[in-house]
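The primary structure of each chain is shown beneath.
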Amino acid sequence: MPIYLDYSATTPVDRRVYEAMIPFLTEKYANPSSIHILGREVREDVENARAVVASYIKCEPHEIVFTASGTSSDNLAIKGMAEALKHKGKHIITTSIEHKAVLETCKSLQKAGFEVTYLPVSKSGVISVDDFRKALRPDTILVSVMLVNNEVGTVQPVKEIASIARERGIIVHTDAVQAVGKLSTDVSELGVQLMSFSGHKFNAPKGIGILYIDENLKDLIIPIVCGGSQEYGLRAGTENVANIAAVAKALEILAAEGEEEVKRVRRFRDMFEQEILARVPDTYINGAGADRVCSVSNIAFRYIEGEALMVYASEVCCSTGSACTSDSVDASHVLYAMNADPVDMHGSLRFSFGRFTTEEEVKAAVEMICTSANKLRAMSPLG
Ligand SMILES: *Cc1c(COP(=O)(O)O)cnc(C)c1O
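Residues numbered from 1 in each chain as written. Predicted model: local features only at pLDDT ≥ 70, side-chain atom pairs only at ≥ 80, totals over all residues. Heavy atoms only, no water.

So, the pairing of strand β6 (residues 171-175)
Moving on, step 1. Counting buried residues along β6, five of its five residues qualify, which places the element largely inside the surrounding structure.
Moving on, step 2. You can see the chain leave strand β5 (residues 140-144), run along helix α6 (residues 158-167) and come back into β6, and the turn it takes is right-handed.
Moving on, step 3. With three bridges connecting them, β6 and strand β7 (residues 194-198) associate as parallel partners. Pairing of T174 across the sheet is with M195, part of β7. (Buried < 20%, exposed > 50% of the residue type's maximum accessible area, 1.4 Å probe, protein only. Helix = DSSP H or I, 4+ residues; strand = E, 2+ residues; numbered from the N terminus. Right-handed = clockwise from strand over helix to strand, strands pointing away. Pairing = 2+ DSSP bridges.)

Next comes the structure, spelled out in structure tokens:
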């Protein structure tokens, strides 16, 4: 039986979430924009879901926009704000370890004449607040810093960044996709004006994103998808009602059970790391020493090819680099930014744990990884 240790790539839909979706795929099929009685009922459900999401991140319901994915949220936040503020300046600050959804969006803005600073990270995968301060310019209009990195799980100093930016009236976006359910995503506490979530990273389905937009920016931000006036005119297209109901249910579950889940997942992750490090020589944790979320373990197996280890321990489902780049020969841009040894970079695997991970699975995965790694080591010309 395959063991799924790839929760950072995507998560299974929780049964309770699935059940909350069914009515909207069957009897409650009306378009929420329709003014007849069936449409109005569905509209009410969409607005109730919006209120649930708002209460989870502690904002007002009208500050929540449902989008098509985490990627769409990142695009709307960054392109939409850059376009709105381009008369004020053309400088954007982000980090070298963002998800492609942010990095490629910034690159496309560079082609359109914006200037982007990509902040470096320490060897343990964290940006420095001091570097951020130095990167600020009079024409800086926007900052985008992820709350948790998806490859190594390091937590970034978003709160400090936001507080410095706020003093200068600079807008801050955070890609909080990997933070949901693992650490606080209370927007007033973080002090950001824009925050992205993605449903499929917290046991809701793929194809639904959330973007928090500070109410003061709602009339400013420029939509990037044109069409109907859904989602305050910021995301045209008929609402994916079933998925909207799903994210609300998934966040309700997290509000009730998230704390316990974090403890359990952390225990499994720590157990996994301790065993591997003790039983396979020349291994270390990418991001060790930094504040990391409970669910991710990115391990460098020196002198081993990550792909080879995945073939040998084929029952263990994990990732090399990030999932979206796993079929490219390029090493991970995150490990590269962390100045990892090039050999170790190719021997690094990400294991990520979540709601349905069991202790038995963790133990079995440890056995398979240790046996395979030590077998490959014995054959390696490098070791
Ligand atoms: C998965 C992920 C995204 C993209 O979300 P999708 O819903 O898959 O488009 C963006 N940022 C981070 C950090 C992610 O982990």
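On we go from here.
Quick notes on the sheet that holds strand β3 (residues 91-95)
Moving on, step 1. Spatial strand order, β2-β8-β7-β6-β5-β3-β4: seven strands in an open sheet with mixed pairing. Whereas interior strands pair on both sides, the edge strands pair on one side only; in this sheet they are β2 (64-67) and β4 (115-119). Strand-to-strand twist across the sheet, computed as the mean angle between neighbouring axes with direction ignored, equals 20°.
Moving on, step 2. Bridging between β3 and β5 involves three bridges; their strand directions are parallel. Residue pairing in the sheet places I92 in a bridge with L142 of β5. (Axes fitted to C-alpha atoms, helices over the stretch in contact; angles between N-to-C directions.)

Topic: the domain arrangement of the protein
Moving on, step 1. Domain boundaries assigned for the protein yield domain 1 (3-10 + 257-379) and domain 2 (15-252).
Moving on, step 2. On a C-alpha basis, the centres of domain 1 and domain 2 stand 28 Å from each other.
Moving on, step 3. On the domain 2 side, the residues contacting the 32 residues of domain 1 number 29 residues.
Moving on, step 4. Both faces combined, the contact of domain 1 with domain 2 buries some 2,500 Å², and carbon together with sulfur accounts for 52% of it.
Moving on, step 5. Ranking the residues of domain 1 by area buried against domain 2 places V293, H333 and M338 at the top, with a combined share of 22%.
Moving on, step 6. Our count for the domain 1 to domain 2 interface comes out at one salt bridge.
Moving on, step 7. We note a salt bridge from E257 to R16, for which the minimum N-O separation is 2.7 Å.
Moving on, step 8. Between domain 1 and domain 2 we count 11 residue pairs in polar contact (both at pLDDT 80 or more) in total.
Moving on, step 9. Elements supplying a minimum of two residues to the side of domain 1 that touches domain 2: α8 (241-279), β10 (296-301) and α10 (333-337).
Moving on, step 10. For the side of domain 1 that touches domain 2, the element with the most residues is α10, which contributes four residues.
Moving on, step 11. Here the side of domain 1 that touches domain 2 is built from residues that sort into 14 nonpolar, 13 polar and five charged. (Domains from an automatic or database assignment. Contact = heavy atoms within 4.5 Å. Buried area = accessible area lost by both parts, 1.4 Å probe. Salt bridge = Lys/Arg side-chain N within 4 Å of Asp/Glu carboxyl O. Polar contact = N/O pair within 3.5 Å; in protein donor to acceptor, adjacent residues only side chain to side chain. Nonpolar A, V, L, I, M, F, W, Y, C, P; charged D, E, K, R; others polar.)

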